[in-house]
Amino acid sequence: MQHKINKKLIKSGVNIVDINSTYITKDSFVDKNTTIYPNTYIVNSKIGNNCTVGPFAHIKKNSIIFGDCKIGNFVEIKNSTIGHNTKISHHAYIGDSKIGSFVNIGCGVITCNYDGLNKNQVIVNDRSFIGSNVNLIAPVTIGTDTYIASGSTVYNDADNFDFVIARSYQVNKKGYSTKEIVDAGIGLENNGTFIDRFKGRAIFSLTNMFLLKQLYQQVMQKLLQVPLLNLQELD
């Protein structure tokens, strides 16, 4: 049945790279000159012409993707509309959303649309840029020609032409990465070797993973006063 659907689409002008790993339900529509890459699932959805979809994309039911879009690898779209010439190139989830035309959705973007009771909508208007690793917490509307900086978590609406930065502050604690080790009587020399100051000998080289286990156990024993683990159990 799947081969029959894929072959029919190929005859209509769709380019399916691998008919053996592409799954398109019979209630879906794919327009001509669109390329479907391997390991892609399309369920009860419509895809316009001149699009590229996949590999490893999942287009779930009730999705509409207009022409000239790029839906890249490991992108999941559910119950959403994607406007013309929009790019969602990789590793993103778009659910219950309305995305405009000429929008860029960066890597790692997630629409957080479920609040535990209801599925809320995310709206991103035309020509907006959504940077990598952005969380859009629904319900929220992003205006036209708006820029969302990478790493932002957005829960308030953004007006047209806004530049939005919604990140927590970065705090660098100088030397804290080895503070607990030093407090436990273990020092770090400049050559990358940990020294047990109580015994005056090297106990760990940064390139030796077996000794790393020993360091971990010594630190845990001194800080948390837990019994030593059996090294063989960690292998």
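Details of the structure are given in the entry above.
The written sequence of each chain sets the order in which its residues are numbered from 1. Only residues with pLDDT of 70 or above have their local features reported here, since the model is predicted, and side-chain atom pairs are shown and tallied only from 80 upward, although totals for entire chains, interfaces and linings are computed over all residues. Side-chain numbers here rest on the full set of heavy atoms in the structure, without hydrogens or water.

J.: Tell me about the sheet that holds strand β9 (residues 64-65), residues and numbers included.
T.: When DSSP finds two or more bridges between a pair of strands, those strands are recorded as paired. Elements are defined by DSSP. Helices are runs of H or I of four residues or more, strands are runs of E of two residues or more, and each kind is numbered from the N terminus. Taken in spatial order, the seven strands line up as β3-β6-β9-β11-β13-β16-β19 in an open sheet, and their pairing is parallel. Strands with a single pairing partner mark the edges of an open sheet, and in this sheet they are β3 (29-30) and β19 (140-142). Relative to strand β6 (residues 46-47), β3 is paired through two bridges, and the arrangement is parallel. Residue pairing across strands places F29 opposite K46, the latter belonging to β6.

J.: Give me the lowdown on the side chain of S63, citing residues and values where you can.
T.: One can find S63 in the loop between β8 (58-59) and β9. Pairs of residues are marked as contacts when any of their non-hydrogen atoms sit within 4.5 Å. Not counting residues up to four positions away in its chain, the partners in contact with S63 are N44, S45, K46, I77, K78, N79 and S80.

J.: I'd like a description of the packing of aromatic side chains, backed by residues and values.
T.: Only centres within 6.5 Å qualify two rings of Phe, Tyr or Trp (six-membered ring in Trp) as a pair; their planes then separate them into stacked at under 30 degrees, edge-to-face at over 60, and tilted for everything else. Inspection of every chain in the model, using the stated rule, returns four aromatic pairs. Residues Y23 and Y41 carry aromatic rings whose centres are separated by 4.8 Å and whose planes lie at 20° to one another, so their mutual orientation is stacked. With Y23 in strand β2 (residues 23-24) and Y41 in strand β5 (residues 41-42), this residue pair connects regions lying 18 residues apart in the sequence. Three exposure classes are used, based on accessible area relative to the maximum for each residue type with a 1.4 Å probe and protein chains only: buried under 20%, partly exposed in between, and exposed over 50%. Since its relative accessible area comes to 39%, Y41 is described here as partly exposed. Measuring from ring centre to ring centre gives 5.0 Å for F56 and F74, while their planes differ by 10°; the resulting arrangement is stacked. Residue F56 is located in the loop between β7 (52-53) and β8, and its partner F74 is located in strand β10 (residues 70-78); the two are separated by 18 residues in the primary sequence.

J.: Describe a nonpolar patch on the surface, with residues and values.
T.: For patch building, the residue pool is restricted to those with more than 30% relative accessible area and no salt bridge; the joining distance is 9 Å between like charges and 5 Å between nonpolar side chains (Val, Leu, Ile, Met, Phe, Trp, Tyr). All accessibility values rest on the Shrake-Rupley procedure with a 1.4 Å probe; residue burial counts only the protein chains present in the view. Any Lys or Arg side-chain nitrogen found within 4 Å of a carboxyl oxygen on Asp or Glu counts as a salt bridge. A contiguous nonpolar patch, built from F129, Y147, F163 and I165 and spanning about 410 Å² of accessible area, is present on the exposed surface. Locating F163 in the fold gives a position in strand β22 (residues 163-164).

J.: Provide a residue-level description of the pairing of β10, including the pertinent values.
T.: Where β7 and β10 come together, two bridges link them in parallel fashion. Bridge pairing in β10 links T52 to K70. The pairing of β10 with strand β12 (residues 87-95) spans seven bridges and is classified as parallel. Following the sheet pairing, I77 is matched in β12 by I94.

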